[in-house]
Amino acid sequence: MNLVAKTLLGPGRTNPAKVAISTVDGHQMRYADLDRLSGQLANLLVRCYHVNEGDRVAVQSPKCPELLALNIACARIGAIYVPLNTSYTDREIRLLLDDATPSLLVREALIEHDTPRANLGRLVHEAHDQSSHFADVACDENAPAAMLFTSGTTGRAKGALLTHGNLVSNCQTLNEVWGFTPHDTLLHALPLFHTHGLFVGAYCALSSGASMILMENFDAGEVVRQLSSATVFMGVPTYYVRLLAEPSLNRDATAGLRLFTAGSAPLLRATHREFAERTGYTIIERYGMTETGIITSNPIDGSLKVGTVGRALPGVEVRVTGGSPGDVEVKGPNVLIDYWNRPELRETEFTIDGWFKTGDVGIVDEDGYLEIVGRAKDLIITGGYNVYPKELELVLDTFPGVLESAVIGLPDADFGEAVTAIVVPRPGAHLDEAQLGVLARSSFAKFKVPKRFIIVTELPRNAMGKVEKARLRRELSRTQESSERLKPI
Ligand code: AMP
């Protein structure tokens, strides 16, 4: 049995005429089409591109329904699917290819590298001559299914090796917790190269026999228009901020929905509140990582706690060690088996008793709800005192005229690190550094008060909406005068 293929294609086999994936411009792929194309692609990859069990297939391709068929084809072969961020440059791709040594790179543009390359359109075209019958390679829960590179923007990228068991256990658990049924339609606006869009979004929809509307890119106006055909929407916090800027987002536009989820970065309380006021829905915040899939989620039964990321999913264990706030560690069938080619990371990324260190700092309350306070490496140590940026950001965000903030530590001769707040004003608001200082002094212990406020029009974010603190630290510490790089007002 091939665990991923069985899980993703199984439910559709009972209703093959059902539309599995549709696009905004009217293209439809039924479950029977997905099954057939994935079989044809599997035959093509094995026979013509010599992809075998255990081989890597690297994919940097625009989002489309055929991409999911390719992913399933790789699973059926027992190959390891390696999705690559569409914004990676040739230089970055070459480094990742050197590391992953794939048998095939699926990519539109040529690249100087000795990995054989084909674009997805050509593969799909060639696949039509192949048989749709493919004898799936047996893959149990321990067989590797995918490798996702993480931390591509900071330091050396690591390939997180995820098994059939990791992927299947996580989407099946989420289907239970989020109540997915074949009657659902997921409006899918997330990228398919990231764990959130691929293994949470697409896998939940397919494994429950639901339908998906695939949007090539996130476009807030188009999302609001498409919501009338959907029951579930998943987003990163930035999506929700942009949706709130759409005047057409209201109770009518969201009337057919049953679930909105958010994750991959912290959701501002203001976003939560404003979204509930405008639509009547409380966004279900969940927490996860590339290495682990989803770890915790708020419940959908009304017992959600805003400001937390909910409780550990069934079958997943979470603990906080070294104090409270402390280091968040996780154990369960969702956790990666290893990093690719990096045996030394077994020692550093896992505890001796086998828990995976998330690198996040959190607090678990008496009901088991986890609050993420920040990343361990974002912790600021100033004059010997620990300052957790998130604690400050939550308060700064409530100051009049402040839209959002990021707190970082910058090198300082006196304090080691100086607490520095980068603040974005609300549209039309005027912020004054001195005034922010006065408010901060009345809100925080002296050692936490930012030594400096920097007012900017927006915070730098990566594709998943995460504030790029490493970039802020790098650019601001290069020279204390360098704030002009951050688009000051
Ligand atoms: P990635 O591997 O790109 O999915 O990033 C994982 C990291 O995103 C986690 O370790 C957290 O730091 C962060 N993250 C994911 N979900 C949340 C959330 N709901 N709240 C705060 N941080 C989150």
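The structure under discussion appears in the preceding block.
Participant: An account of helix H6 (residues 164-177) is needed here, citing residue identities and associated values.
Facilitator: Between its first and last C-alpha atoms H6 spans 20 Å; for 14 residues at 1.5 Å apiece the expected length is 20 Å, and the two agree. Within H6, 12 of the 14 residues are buried, which leaves the element mostly enclosed by the surrounding structure. Lining the buried residues of H6 we find helix H1 (3-13), helix H3 (65-77), strand S7 (144-150), strand S8 (158-163), helix H7 (195-207) and strand S14 (293-297). Gly179 lies just past H6 and shows a positive phi near 65°.

Participant: Break down the sheet that holds strand S2 (residues 28-30) for me, with residues and values.
Facilitator: Strand order in the open sheet formed by 9 strands is S2-S1-S10-S9-S11-S12-S13-S14-S15, with mixed pairing between adjacent strands. Taken across any chain shown, the strands that pair with only one partner, and hence form the sheet edges, are S2 and strand S15 (311-312). The sheet contact formed by S14 and S15 spans 2 bridges and is antiparallel. Of the residues in S15, the one forming a bridge with Ser297 is Arg311. The strands touched by H7 are strand S1 (19-23), strand S9 (185-188), strand S10 (211-214), strand S11 (232-235), strand S13 (284-289) and S14; relative to S9, the strand with the most contacts, the crossing angle is about 160°. Docked against the sheet, helix H9 (residues 237-244) engages S11 and strand S12 (259-262), running at close to 115° with respect to S11.

Participant: Could you give an account of the side chain of Thr382, with specific residues and numbers?
Facilitator: Relative to the helices and strands, Thr382 is located in strand S21 (residues 380-382). There is a polar contact of 2.7 Å between the side chain of Thr382 and the backbone oxygen of Glu417. Other than its neighbours up to four places away in sequence, Thr382 contacts Val387, Phe415, Glu417, Val419 and Phe447.

Participant: So what about the site of the ligand? Which residues, and what values?
Facilitator: Surveying the vicinity of the ligand reveals 14 residues, the closest of which are Arg286, Thr290, Asp360, Arg375 and Lys466. One of the side-chain N or O atoms of Glu285 is found 3.1 Å from a nitrogen atom in the ligand. At 3.0 Å from an oxygen atom of the ligand is found a side-chain nitrogen or oxygen belonging to Lys466. Compared with its free state, where it exposes 500 Å², the ligand has 89% of that area covered by protein. By residue class, the composition of the shell around the ligand is 5 nonpolar, 4 polar and 5 charged.

Cut-offs and rules
Residue indices follow the written sequence of each chain, beginning from 1 at its first position. This being a predicted model, a pLDDT of at least 70 is required before a residue's local features are given, and a value of 80 or more before pairs of side-chain atoms are given or counted; all residues contribute to the totals for chains, interfaces and linings. Heavy atoms from the whole structure form the basis of all side-chain values; hydrogens and water molecules are not counted. Only DSSP runs of H or I reaching four residues or more are called helices, and only runs of E reaching two or more are called strands; each is numbered from the N terminus. One less than the number of residues in a helix, times 1.5 Å, gives the span that helix is expected to have. Relative accessible area decides the class of each residue, using a 1.4 Å probe on protein chains only: under 20% of the type maximum gives buried, over 50% gives exposed, and in between gives partly exposed. Note on contacts: a residue pair qualifies if any of its non-hydrogen atoms lie within 4.5 Å across the two residues. We call two strands paired when DSSP finds no fewer than two bridges between them. Structural elements are reduced to axes, namely lines fitted to C-alpha atoms, with helices fitted over the stretch in contact, and the angle between N-to-C directions of any two is expressed from 0 to 180 degrees. Polar contacts here mean pairs of N or O atoms no more than 3.5 Å apart (in protein, one a potential hydrogen donor and the other a potential acceptor; neighbouring residues in sequence count only if both atoms are side-chain atoms). Residues are labelled near a given molecule or strand when at least one of their non-hydrogen atoms is within 4 Å of it. What sets the accessible areas is the Shrake-Rupley method with a 1.4 Å probe; for residues, cover comes only from the shown protein chains. For this classification, the nonpolar set comprises Ala, Val, Leu, Ile, Met, Phe, Trp, Tyr, Cys and Pro, the charged set comprises Asp, Glu, Lys and Arg, and every other residue, Gly included, is treated as polar.

That's the geometry; what it means functionally is another story.
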